[in-house]
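Coordinates in review
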Amino acid sequence: KPKHEGTMSYEDRDKDIVFTIDMPGVSKKDIDIEIEEHSIKVSAENGGKRKYNYSRKFKPAVDTESAKATFTNGVLDITVKKLESKPTGRKVAIK
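A brief look at the structure comes next. (Residues numbered from 1 in each chain as written. Predicted model: local features only at pLDDT ≥ 70, side-chain atom pairs only at ≥ 80, totals over all residues. Heavy atoms only, no water.)

**Considerations on the pairing of strand S3 (residues 16-22)**
For S3, a buried count of five out of seven residues is recorded, marking the element as mostly surrounded by other parts of the structure. Across five bridges, strand S2 (residues 8-12) lies against S3 in antiparallel orientation. Looking at the pairing, Met-8 lines up with Ile-21 of S3. Once S2 ends, the chain turns through three residues before running back antiparallel as S3. Bridging between S3 and strand S8 (residues 75-81) involves seven bridges; their strand directions are antiparallel. Note on S8: the bridge partner recorded for Val-18 is Thr-79. (Buried < 20%, exposed > 50% of the residue type's maximum accessible area, 1.4 Å probe, protein only. Helix = DSSP H or I, 4+ residues; strand = E, 2+ residues; numbered from the N terminus. Pairing = 2+ DSSP bridges.)

**Quick word on the nonpolar core**
Ranked by size, the top nonpolar core spans 19 residues in total, and within it Phe-19, Met-23, Ile-40 and Val-42 carry the most contacts. Of all elements in the fold, only S2, S3, strand S4 (31-36), strand S5 (39-46), strand S6 (50-57) and S8 reach the threshold of two or more residues within this core. With near-sequence residues (within four places) excluded, Met-23 lies in contact with Ile-31, Val-42, Ser-43, Ala-44, Tyr-52, Tyr-54, Phe-71, Gly-74 and Leu-76. (Core = buried A, V, L, I, M, F, W, Y, C linked by side-chain atoms within 4.5 Å. Contact = heavy atoms within 4.5 Å.)

**Focus: the pattern of salt bridges**
All told, the structure shown has three salt bridges when counted by the stated rule. The partner of Lys-82 in a salt bridge is Asp-12, and the shortest N-O contact between them spans 2.5 Å. Highlighted residues: Lys-82 in the segment after S8 and Asp-12 in strand S2, separated in sequence by 70 residues. Between Lys-29 and Asp-30 there is a salt bridge; the shortest N-O distance is 3.5 Å. (Salt bridge = Lys/Arg side-chain N within 4 Å of Asp/Glu carboxyl O.)

**Overview of unusual backbone geometry**
If you check the backbone angles, Asn-73 has positive phi at about 50° while not being a glycine. The residue Asn-73 is located in the loop between strand S7 (68-72) and S8 in this model.

**Comments concerning the environment of Leu-83**
For Leu-83, the location among the structural elements is in the segment after S8. With a relative accessible area of 39%, Leu-83 lands in the partly exposed category. On a C-alpha basis, the gap between Leu-83 and Thr-64 in space is 9.2 Å, while along the polypeptide they are 19 residues apart. In contact with Leu-83, not counting residues within four places along its chain, are Glu-37, Ala-61, Val-62 and Asp-63.

What follows is the structure in structure tokens.
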């Protein structure tokens, strides 16, 4: 079930995360998306009339290279795949 943060929502699915942002009044060329392993930033400005700034941190690490975005009728959808989680513990030998 999507969690809503104002006009930005996200859905943490089995293998990916989907962000949906309502951005009426801007065009695709005005939107800037930055994504890192644990965060996303989206901003847009339309000639000073409309400004949007969204940021979100999230727990599962994501594959930034897999990010895909579409912008249709003022709605931006971003899908990014989660990285496979690997156990980080290890055995320690006593010398």
